[in-house]
Amino acid sequence: MIHRALLAAACALLLGGCGVGPGDATKGVDARVTDDFGARVVGAAAAEETRGEETVMRFLQRSFDVTTAYGGGFVQSIDGVRGQGEGGSVDWFYYVNGIEAPKGAASTRLFPGDRVWWDRHRWEAAMHIPAVVGSWPEPFRRGSGGERYPVRLECASGADTACRTVQGRLAAAGVTAGRAGLGSSAGRDVLRLVVGPWAQIRGDAALNQIGRGAAASGVFARPAASGDTLSVLNRAGRPARTLGAGAGLIAATRLGEQQPTWAVTGTDARGTLAAARALGTRTLRDRFALALDPAGRPVPLPAR
Amino acid sequence: MIYRRRPTPLHAARAAAACAYLGSLLLVALLFEHPLVLAADLVAVLGVIVLARATPALRTFGPLALSLALLIALVNPFVVREGLTVIARLGELGPLGRLDLTLEATVYGGVLGLRAAVLILAFVPYSTAVDPDGVLRLFRRFGFRSALSATLATRMVGVLARDARRRADAQRCRPRPAGRLAMTRAVTAGALDRAIDVAATLEVRGYGAAGRRPPGTRTPWSRHDLAYLAAGMLIAATAIAARAAGLAALRPYPTLELSTGPLVWALAGLIVVAAWLPFADRRGVAA
């Protein structure tokens, strides 16, 4: 009886990813470290192959000079750039493939191809920023937690050109996306890109959060209910500028346990097309979200 | 544990010197995390226990120190998420999250356990070889009444323990055990009797004179006092200087970094030799 129990426990441990030693290496991971919502790059690191099964924290510690607190579960400083910790409102946050991790960095395992982004920022205006666009083409290419998810492109009527542009950008990044109309039911495990003018896509339950401000969606932009204007918000979550006709927005948010939903939108068709054309690694790198003014110039969010 | 005068140099030393000496061994354990220095401190403390004939007390404190050291050493790798050298992966453990045991957390757990053992064991010679009245006399000038109360309380522990044993013997002789009320009455009456005895004794010895302290006696410093004081100061000064100079440093995380070299060994050797040396002079110690 005891032998059986021990055997069962051993099997459970083995199946649960247990073992002796560092485990199998993880291939092709990289990390970026920035300050103030991506405004300043602190450093970057990449590894062709890690030394074994790696956690986000260990990879960070191997690549940067890191100080931690609470038994190694909380990052205090990276390369001398310190968070304020208890009592402060500036801390280090991390995103894996553009998704805010639900667990501590010491508990989050890295999978092949994962892109980790650490950013130190003020969190008073938005306690949670569930998804960011700065790791494009992630999470569409690698998914999250080692699992790839189906990608679905939902296009508003009349936004065909923008939609084709987005599909082309996804294809160029090696992502095959299915297409569906707005309002199609989506399961929890589908990554969605919703393309169209704000007035048409604002009814989407996930994207509707963007209209409620940074605290609700983690996006520092707030389109007007009519969709005619777009308020870009500063770090405090207050309007910094209002953009009119021809403005675009690329933002990501998340509803509950669903996978992230991206919005490629604008105040009108022109703005939406500008946003679709802005999809790319160079434009989106280190951006939490990106607005485009009527002249097509990028406005990193939150605005300065 | 009760202090009992024994024929050893440490017992012969005055409380101030013995406290400074043992305090220096505690200081080493608090200042350093280097395993070699802590091991040397442990060896020094164990030697002091043997040389001060305090080995019987190890029966009580040895298992306590060992079990606490093992507990700390075992728990640390499970609660600390630091270290880069993974030696075992325990997978996802519910609310604890992913648990990987690292070499660094395991080694540092051992270091913390070793330090706890040294700190506990350093109090063995203090409890058995340092006159508690002498210690309290040190504090008399700062708080005479507190020192007196503490002295009496220390003395009363043994007296009350003997009372309890006698009462237990008496209980066993009864055909039926006494009720709780009767026991409480007997214990209270006994404690009050003791208190009245102590008060009367203090009165007779002149402690009742308001605010007046009994005259202190000045005893010249013996060679043992000087030897233990010198040893304690040497250990403390060397430890502080070495710490300030960054000698024998240990950086446990993210990867274990341990300073080695002849100076670290010299520091370890000095701690042991300086701790044992005062015991070499047994002149004037009654056999």
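All of these numbers come straight from a predicted model, not from anything done at the bench.

A.B. asks: Help me understand the interface of chain B and chain A, please; the structure alone is not making it clear to me.
C.D. replies: Many analyses report the size of an interface as the accessible area lost when the parts associate. On the side of chain A, 21 residues touch chain B, which itself brings 19 residues to the contact. Roughly 1700 Å² is buried in total at the junction of chain B and chain A, and carbon and sulfur atoms are behind 42% of that figure. For the chain B face of the interface with chain A, the top three residues by lost area are B:Leu84, B:Arg89 and B:Arg98, together amounting to 43%. The tally of links from chain B across to chain A stands at 2 salt bridges. Salt-bridge contacts for B:Asp100 lead to A:Arg58; the nearest nitrogen and oxygen are separated by 2.9 Å. The interface formed by chain B and chain A contains 6 residue pairs in polar contact (both at pLDDT 80 or more). Of all the elements, strand 1 (residues 86-92) of chain B adds the most residues to the side of chain B that touches chain A, at 7 residues. Grouping the constituent residues of the side of chain B that touches chain A by class yields 9 nonpolar, 3 polar and 7 charged. Across 2 bridges, the pairing between strand 1 (residues 19-20) of chain A and strand 1 of chain B is antiparallel. Within strand 1 of chain B, the residue paired with A:Val20 across the bridge is B:Ala88.

A.B. asks: Which parts of the structure should I look at to understand the pairing of strand 4 (residues 66-69) of chain A?
C.D. replies: As a general feature of sheets, a regular strand has side chains that alternate between the two faces. Residues and elements named next belong to chain A. Here 4 bridges tie strand 4 to strand 5 (residues 74-78), and the two strands are oriented antiparallel to one another. For Ala 69, the partnering residue across the bridge sits in strand 5 and is Phe 74. Where strand 4 folds back on strand 5, the antiparallel hairpin that results is connected by 4 residues, among which Tyr 70 adopts a positive phi of roughly 50°.

A.B. asks: Is there a simple way to think about the state of the cysteines in this case?
C.D. replies: Cysteine pairs can be linked by a disulfide, which is a covalent bond between their two sulfur atoms. All names here are of chain A. All chains considered together, the criterion is met by 1 disulfide over all chains. Residue Cys 155 pairs covalently with Cys 163 via a disulfide, S to S 1.4 Å. Cys 163 carries the same exposure label as Cys 155, and that label is buried.

Conventions adopted
Residues numbered from 1 in each chain as written. Chains lettered and ligands numbered in written order. Predicted model: local features only at pLDDT ≥ 70, side-chain atom pairs only at ≥ 80, totals over all residues. Heavy atoms only, no water. Contact = heavy atoms within 4.5 Å. Buried area = accessible area lost by both parts, 1.4 Å probe. Salt bridge = Lys/Arg side-chain N within 4 Å of Asp/Glu carboxyl O. Polar contact = N/O pair within 3.5 Å; in protein donor to acceptor, adjacent residues only side chain to side chain. Helix = DSSP H or I, 4+ residues; strand = E, 2+ residues; numbered from the N terminus. Nonpolar A, V, L, I, M, F, W, Y, C, P; charged D, E, K, R; others polar. Pairing = 2+ DSSP bridges. Disulfide = S-S within 2.5 Å. Buried < 20%, exposed > 50% of the residue type's maximum accessible area, 1.4 Å probe, protein only.

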